[in-house]
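# Notes for the structure review
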Amino acid sequence: MNQRWKLGAIAAAALATLASSVATAQVEGIPQGFTRLFNGRNADGWHWSRTVHHGTTAVAKVSDGVLTLEPYPYGQGGLLLTDKSYKDFELYLEALPDPAFNSGIFLRSTEGGSAYQIELVRPGNTGALLGEQLRITQPKYVGERVDVNTVWKDGEWNSMRVRMVGEAPRITLWINGTKMWEVETPKNDQIGGFYGGMIGLQLHWTATYTPGAGGFSMGLPWLVQRFRNIAIKEIK
Amino acid sequence: MRRSAVTLVTLLAAAGALPAQEPAVTNSVGMELVLIQPGSMVVGRFQPPYPVPPDPNAAPPSPAAGAAAGRGGRGGGRGPSYTPEQYARLEAMAKAASAPGFSVTLPRAFYIGKYEVTQAQWKAVMKTNPSIFQGDRVTDDADRHPVDNVTWEDAQTFVRRLNALEKTSVYRLPTEFEWEYAARAGEEADTPWTVIRERAVAGYNSFFSTQVVGSRKPNAWGLYDMQGNVWEWVQDYYNEKLFADPTPPRSGKVRVLKGGGFAADVKNAIPATHAAGPGSKFDVGFRIVRDLKR
């Protein structure tokens, strides 16, 4: 065994130890006082939207405490919604998306998927605040914004915590315990004046039914989205 | 000679084979209905487009071709780049998932609403208005917007009262196949997005309320808002599948919704979309069918 090899082996072992400690230390787990939305055994308490354009026939599988959302059939995604609606809340979850998979967390969603959205796509705009079939009026960022690339761990579980309070919502996002941004909005942008809605997990569509419709392709239809430790704390 | 011709006409009329009906009628509450002739269509065709490797001999794209960028479908220009193995897997998966659909014949002519049931028509029949988009939530005449926020049971109550009002039994909700046949208006292929945008009050982040009925272009049979504005209830139970089965289920938890509402996307505001309740309330309405008098 030469010295160089030996050093290399020690370095590799140290890196492996570091990597494993990072993998276990990076997500903080469900905060105290939160109620589980996902029981870790089945998708009770959730249902697929039957009117969202992403798809209505995707599949939710549960194994080892992980909720895996899979498109079905080819290119048809969906929107998995909580059965209950929420107004003001803090949501916590952990996500492990396939690379290049377009997903999102829908907040105050309708059945048809009109919602405030936290984008979830790597590489890409993960953590961005978007309106899906909803226009957010002049969101004003308060304080510093953190670059998601400095906190997101590709290929690992990442925690996301969102606080959404007020009819004209003030929204705050944390990723892996780091506060990413805080947004003030001047008005309630929910369609039809509703206040509150469901939590939704998006599985973006990737193909139309036939080429004639548009022939548009948004990605690989075998990619899946994984979530675990989904919990909420209602703020009354 | 003349006498035999009259006899023939009488016989045909008695058999219901003669299209002696007006092409369009208006009922007692001002609902315009369009005559739909018998015919057939294919339902449930699924041929998802898949990305293909770029043609190495193709000319570089011109700026004018920019609008097509991102279209990665078969024969559909450029898209994201994949490995040869990924292209092969995409093609195999898409072909394995493809289904030809099935033929559906509509054996009888029927009238169907030229427009979705409006708030004025709902009020005339029901004396109430459940719509979310009325008052200060619209900037124009809410009476001419489609009624929204109606359940399937509400729509059935409307049909019963309309029948009672006219002392008839000819009004009902369309079946899913009647609705889809009228919406396709002879178009076999799925509607291109460019056409949907002309016809439908729908599209990604495009509309945030219902619009006055008939504000967009009609389909080939003169029907308005068959795509977009409000989702429309039909008679059938939902089978919890991507498309209808050749025979609709006899029972189920929810009813089928067709056509997409104003908050739908060009992806699903198409005749083929087989959705189901409850929907988002603010974009759920219906149109009615009137059977021919015999």
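Here the residue index of a chain counts from 1 through its sequence in written order. Chain labels run from A onward and ligand labels from 1 onward, assigned in the order the entries are written. Side-chain atom pairs in this predicted model are given and counted only at pLDDT of 80 or more, local residue features only at pLDDT of at least 70, and totals for whole chains, interfaces and linings cover all residues. To get the side-chain values, all heavy atoms of the structure are used, and hydrogens and water are removed first.

### As for the layout of surface pockets
A 1.4 Å probe that fits but cannot get out identifies a cavity on a 1 Å grid over protein atoms alone, an open set with protein on both sides within 12 Å along at least five of seven lines counts as a pocket, and a residue lines either if it has an atom within 4 Å of a point. Grid points are joined across faces, edges and corners, and a volume is the space filled by probe spheres set on the points. Of the voids in this model, the largest pocket is the one considered here, and its volume is about 450 Å³. Lining the largest pocket are 28 residues, with A:Glu111, B:Pro278, B:Gly279, B:Ser280 and B:Lys281 sitting closest to its centre. Among the secondary structure elements, those contributing two or more residues to the lining of the largest pocket are α4 (152–165) and β7 (231–237) of chain B. Classes in brief: Ala, Val, Leu, Ile, Met, Phe, Trp, Tyr, Cys and Pro nonpolar; Asp, Glu, Lys and Arg charged; the others, Gly included, polar. Split by residue class, the lining of the largest pocket holds eleven nonpolar, twelve polar and five charged. By definition, any uninterrupted DSSP run of H or I lasting at least four residues is a helix, any uninterrupted run of E lasting at least two residues is a strand, and each is numbered from the N terminus.

### Some details on helix α5 (residues 176–184) of chain B
The periodicity of an α-helix, 3.6 residues per turn, causes residues three or four places apart in sequence to face the same way. Classification of residues uses two cut-offs on accessible area relative to the type maximum, computed with a 1.4 Å probe and protein chains only: under 20% is buried, over 50% is exposed, and between them is partly exposed. Counting buried residues in α5(B) gives nine out of nine residues, a clear majority hidden from the surface. Where α5(B) terminates, the next one or two residues include B:Ala185, which has phi positive at roughly 50°.

### Overview of the interface of chain A and chain B
Between two residues, a contact is recorded if the distance between any of their heavy atoms is within 4.5 Å. At the junction of the two partners, chain A supplies 38 residues and chain B supplies 55 residues. Buried area counts how much accessible surface, traced with a 1.4 Å probe, disappears from two parts once they are put together, with both parts' losses summed. Carbon and sulfur atoms supply 64% of the area that chain A and chain B bury against each other, a total of about 4,200 Å² over both sides. When the area that chain A buries against chain B is broken down by residue, the three leading residues are A:Arg50, A:Tyr74 and A:Tyr209, summing to 21%. The salt bridge criterion pairs a side-chain nitrogen of Lys or Arg with a carboxyl oxygen of Asp or Glu, the two atoms within 4 Å. At the boundary of chain A with chain B, the tally comes to zero salt bridges. Each polar contact in these results corresponds to two N or O atoms within 3.5 Å; when the atoms are within protein, one needs to be able to donate a hydrogen and the other to accept it, and residues that are neighboring in sequence are counted only if both atoms are side-chain atoms. At the boundary of chain A and chain B, one finds 16 residue pairs in polar contact (both at pLDDT 80 or more). Among the residues making up the side of chain A that touches chain B, the classes are represented as 15 nonpolar, 19 polar and four charged.

### Thoughts on the sheet that holds strand β2 (residues 32–36) of chain B
All names here are of chain B. Strands are treated as partners if at least two bridges between them are detected by DSSP. One open sheet holds the five strands; their spatial order is β1-β2-β5-β11-β6, and the pairing between them is antiparallel. Looking at which strands have only one partner, the edges of the open sheet turn out to be β1 (24–26) and β6 (171–172). Here four bridges tie β2 to strand β5 (residues 110–113), and the two strands are oriented antiparallel to one another. By the bridge assignment, isoleucine 36 is partnered in β5 with phenylalanine 110. Contacts from α5 reach β2, β5, β6 and β11 (289–291) within the one sheet, and its direction differs from that of β5 by about 75°. Between N-to-C directions, angles cover 0 to 180 degrees, with each direction set by a line fitted to C-alpha atoms, over the stretch in contact for helices.

### Digging into the pattern of salt bridges
All names here are of chain A. Applying the stated criterion across every chain yields a total of 26 salt bridges over all chains. With a closest N to O distance of 2.9 Å, arginine 122 and aspartate 154 form a salt bridge. Here the residue arginine 122 occupies a position in the loop between β8 (115–120) and β9 (129–132), and aspartate 154 occupies one in the loop between β10 (140–141) and β11 (158–165), the gap between them amounting to 32 residues. Three or more residues are tied together by salt bridges with common partners; here these are Lys140, Arg170, Lys179, Glu182 and Glu184.

### Focus on the confidence of the model for chain B
Residue and element names in this part refer to chain B. Per-residue pLDDT for chain B has a mean of 88; in total, 85% of the residues score no lower than 70. Per-residue confidence from the prediction method is given by pLDDT, with values spanning 0 to 100. Confidence over residues 62–78 falls short of pLDDT 50; this stretch has 31 contacts with residues more than four positions distant or in other chains. In the predicted complex, the global pTM is 0.89; the interface-specific ipTM is 0.88.

### A short note on the environment of B:Val138
Residue and element names in this part refer to chain B. Mapped onto the elements of the fold, valine 138 is located in the loop between α3 (119–126) and α4. Note on valine 138: relative accessible area 10%, which makes it buried. Sequence separation of valine 138 and glutamine 156 is 18 residues, and the distance between their C-alpha atoms is 26 Å.

### What about α4(B)?
Residues and elements named next belong to chain B. Take the residue count of a helix, subtract one, and multiply by 1.5 Å to get its expected span. The terminal C-alpha atoms of α4 lie 20 Å apart, and with 14 residues this matches the ideal 20 Å at 1.5 Å per residue to within 8%. Those residues of α4 lying buried are Trp152, Ala155, Gln156, Thr157, Phe158, Val159, Leu162 and Asn163. Looking one or two places after α4, you find lysine 167, whose phi comes out positive at around 50°.

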